[in-house]
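Working through the structure, step by step
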Amino acid sequence: MIHTDMKLHIYKGMFAVCMACMFVACDESGEMSVAEELTAVYSNKLSDGSRKNLDLSYSGSELLGKEVRFEADDRGNADILLSFVLPHEEEVAIEAVKLQRSDDGRYSFEGNAVSAAGTMFDYRGMAGGGLLELSLDNVSVPGTEPGMLSLVPFAEPVQDGDAPDLWHCSRLLYVRSDDADVNRMFEDEGVAAVLSNMLHSVLRDVDFARDGNVTASFRHRNAVGGSDYGKSPQNMAFYFMADDTTVYVTPQVDMIVSAMAGGNAAPKALSIDINAILSAITAYGQLNKWTTTGVKFVLKDNPYGAAGGGMLLAGDDSPQRRMGFEGDKIIYVDNYEIAALVATANYLFTLFPELPAQIESSLGGLVDVESLLAAIGKANVFEIGLFLNK
């Protein structure tokens, strides 16, 4: 039989353990602990619908389609994990963030950080009530800042008076291939000229900003003259310079879908289309990669100007095929991405069977799109992009 004093000690010990557990789980008012209240994965993806619990801004503008892991402790600190928020970075951790309790019972925080890739930024926010508000400002991505690049104007090719075998060409679209069929379709059949004119009808310049944003000046839908241009919204695409010539461009799919649909005003009406688009992106690995860490581009000085002898298009030995292209810079999809680009296009054609005919119609019936893709797929070298002026 257990002695009465021993029983008393056991009861006291059990009582102390119970009280300790209560204090870990609850505060003096019996509410949840800070850790229990705040720790969660917060998201503002369009597919979340009414479950959205993250208000995220980047350089002063809303940024949709993201997840943030917020893990608080009961000592007034938190660790924050940003998933695919900063340009070209899968995860960025902000550790030991100090929390301050506000009068409304929520917790505020602020500070600055540097990511593993070298991106510097300030952060501030508020957590509580099942919602996380987070603002990222003064973002500065590392590496070269390309700045504002204007589109090369279009003009008909002109033969050089001093060098009859050289033609001066001013157009927006840059194409280089070692395949004669590809060159024939783009050059002889006029696809390059048509695409250049189409782009010129809506775009004027492209701006690579210090915070990683890629924006463009575009002509308003109802504009008649060339002066009625507006700026594309922030946070539609991010870029990251991996080195002096390698740039990754990441489209922000949720932002683009939301803008095309006129914002979030009617999530119920849009939910089917949005979920179909986002499911397709997730299902196809390459699309998912491009929309998270970016498409690889090359940005470099234009080596095909008239002063440098221009470009001799493969598959044709005639002198007039040596073209000197205007422009200070060229940006084009890295050749490594082309096979995946062709496969992705074919994948999209299976999802949207009407798409090839629509593209062909927009090009005036100049080329069969599926034949063009087949030619591009067998080429050893295929580069496509833009001529730009600094």
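The rules behind these values
- Throughout, a residue's number is its position along its own chain's written sequence, starting from 1.
- For this predicted model, a pLDDT threshold of at least 70 governs which residues receive local features, and a threshold of 80 or more governs which side-chain atom pairs are given and counted, while totals over whole chains, interfaces and linings are taken from all residues.
- Excluding hydrogens and water, the side-chain figures rest on all heavy atoms present in the structure.
- The criterion is simple. A nonpolar core is a set of buried Ala, Val, Leu, Ile, Met, Phe, Trp, Tyr and Cys residues joined through side-chain atoms within 4.5 Å.
- Summary of the burial criterion: residues with accessible area below 20% of their type's maximum are buried, those above 50% are exposed, and those between are partly exposed, where the area comes from a 1.4 Å probe applied to protein chains only.
- Two strands pair under a simple rule: DSSP has to find at least two bridges between them.
- Helical segments are the DSSP runs of H or I of at least four residues, strand segments are the runs of E of at least two, and each set is numbered from the N terminus.
- Structural elements are reduced to axes, namely lines fitted to C-alpha atoms, with helices fitted over the stretch in contact, and the angle between N-to-C directions of any two is expressed from 0 to 180 degrees.
- Note that the term roughly parallel is reserved for angles under 35 degrees, roughly antiparallel for angles over 145, roughly perpendicular for angles of 65 to 115, and oblique for everything else.
- Pairs of residues are marked as contacts when any of their non-hydrogen atoms sit within 4.5 Å.
- When a carboxyl oxygen of Asp or Glu is within 4 Å of a side-chain nitrogen of Lys or Arg, the pair counts as a salt bridge.
- By the definition used in this description, the sense in which the near helix is turned from the far one sets the handedness, with an anticlockwise turn below a right angle giving left-handed and a clockwise turn giving right-handed.
- Under the scheme applied, nonpolar residues are Ala, Val, Leu, Ile, Met, Phe, Trp, Tyr, Cys and Pro; charged residues are Asp, Glu, Lys and Arg; polar residues are all the others, including Gly.
- In this scheme Phe, Tyr and Trp rings, the latter by its six-membered ring, pair at centre separations within 6.5 Å, and the angle between planes marks the pair as stacked below 30 degrees, edge-to-face above 60, and tilted otherwise.

On to the nonpolar core. What tends to happen in soluble globular proteins is that the nonpolar side chains get buried as a cluster. One finds Phe 186, Tyr 239, Val 247, Ile 376 and Phe 382 to be the most contacted residues of the largest nonpolar core, which totals 41 residues. Grouped together as the second largest cluster of nonpolar side chains are 36 residues, Val 68, Ile 80, Leu 82 and Leu 134 included.

Two orientations exist for strands paired in a sheet by backbone hydrogen bonds: parallel and antiparallel. Ordered in space as β1-β4-β5-β6, the four strands form an open sheet in which the pairing is antiparallel. Looking along the sheet, the strands with just one partner apiece sit at the ends: β1 (40–43) and β6 (91–98). Between one strand axis and the next, the sheet turns through 20° on average, direction left out of account.

In contact at an axis separation of 4 Å, helix α3 (residues 180–188) and helix α4 (residues 191–200) are set at 50° when each is read in the N-to-C sense. The angle between the axes of α3 and α4 places the two elements in the oblique class. Residues Met 185, Phe 186 and Glu 187 of α3 form the contact with α4, whose participating residues are Val 191, Ala 192 and Leu 195.

Once that is clear, we can look at the pairing of strand β13 (residues 166–170). In this sheet, β13 lies alongside strand β12 (residues 155–159) in antiparallel orientation, the contact comprising three bridges. Note that in β13 the partner of Val 158 across the bridge is His 168. Adjacent in sequence and paired antiparallel, β12 and β13 are bridged by six residues.

Once that is clear, we can look at the sheet that holds strand β22 (residues 322–325). Here four strands make up an open sheet; going across it, the order is β12-β13-β22-β21 and the pairing mixed. The open sheet terminates on both sides in strands that have one partner only, identified here as β12 and β21 (311–312). Where β21 and β22 come together, two bridges link them in antiparallel fashion. Bridging from a neighbouring strand, Met 311 pairs with Met 323 of β22.

With that settled, consider the pattern of salt bridges. Considering all chains together, one arrives at 18 salt bridges under this definition. Residue Arg 69 is joined to Glu 71 by a salt bridge in which the shortest nitrogen-to-oxygen separation is 3.8 Å. For Glu 71, a relative accessible area of 41% puts it in the partly exposed group. Measuring nitrogen to oxygen at the nearest pair gives 3.0 Å for the salt bridge that ties Asp 104 to Arg 106. Classification of Arg 106 by relative accessible area gives partly exposed; the value is 23%. One network of salt bridges, in which partners are shared, links Asp 179, Asp 181, Arg 184 and Lys 378.

The next subject is the pairing of β22. Each regular strand carries side chains that alternate between the two faces of the sheet. One ladder, built from four bridges, connects β13 with β22; its direction is parallel. Note that in β22 the partner of Trp 167 across the bridge is Met 323.

On to the packing of α3 against helix α10 (residues 369–378), then. Relative to each other, α3 and α10 sit at 140°, their axes nearing to 8 Å. Judged on the interaxial angle alone, α10 and α3 are oblique. Handedness of the α3/α10 crossing: left-handed. Between α3, through Asp 181, Val 182, Met 185 and Phe 186, and α10, the contact on the second element is made entirely by Ser 371, Leu 372, Ala 375, Ile 376 and Lys 378. A breakdown of the residues in the contact of α3 with α10 according to their chemical character gives six nonpolar, one polar and two charged.

In the structure shown here, the tally under the stated rule is eleven aromatic pairs. Aromatic side chains Phe 121 and Tyr 123 sit 6.5 Å apart centroid to centroid with 55° between the ring planes, which places their arrangement in the tilted category. With respect to burial, Phe 121 and Tyr 123 carry one shared label: buried. Where Phe 208 meets Tyr 239, the ring centres are 5.3 Å apart and the plane angle is 85°; that geometry is what we call edge-to-face. One end of the pair, Phe 208, is in strand β15 (residues 203–208); the other, Tyr 239, is in strand β18 (residues 237–241), with 31 residues separating them in the sequence. Relative accessible area serves as the criterion here: at 1%, Tyr 239 is assigned to the buried category. Among the aromatic residues, ring-to-ring pairing joins Tyr 42, Phe 70, Phe 109, Phe 121 and Tyr 123 into one connected group.

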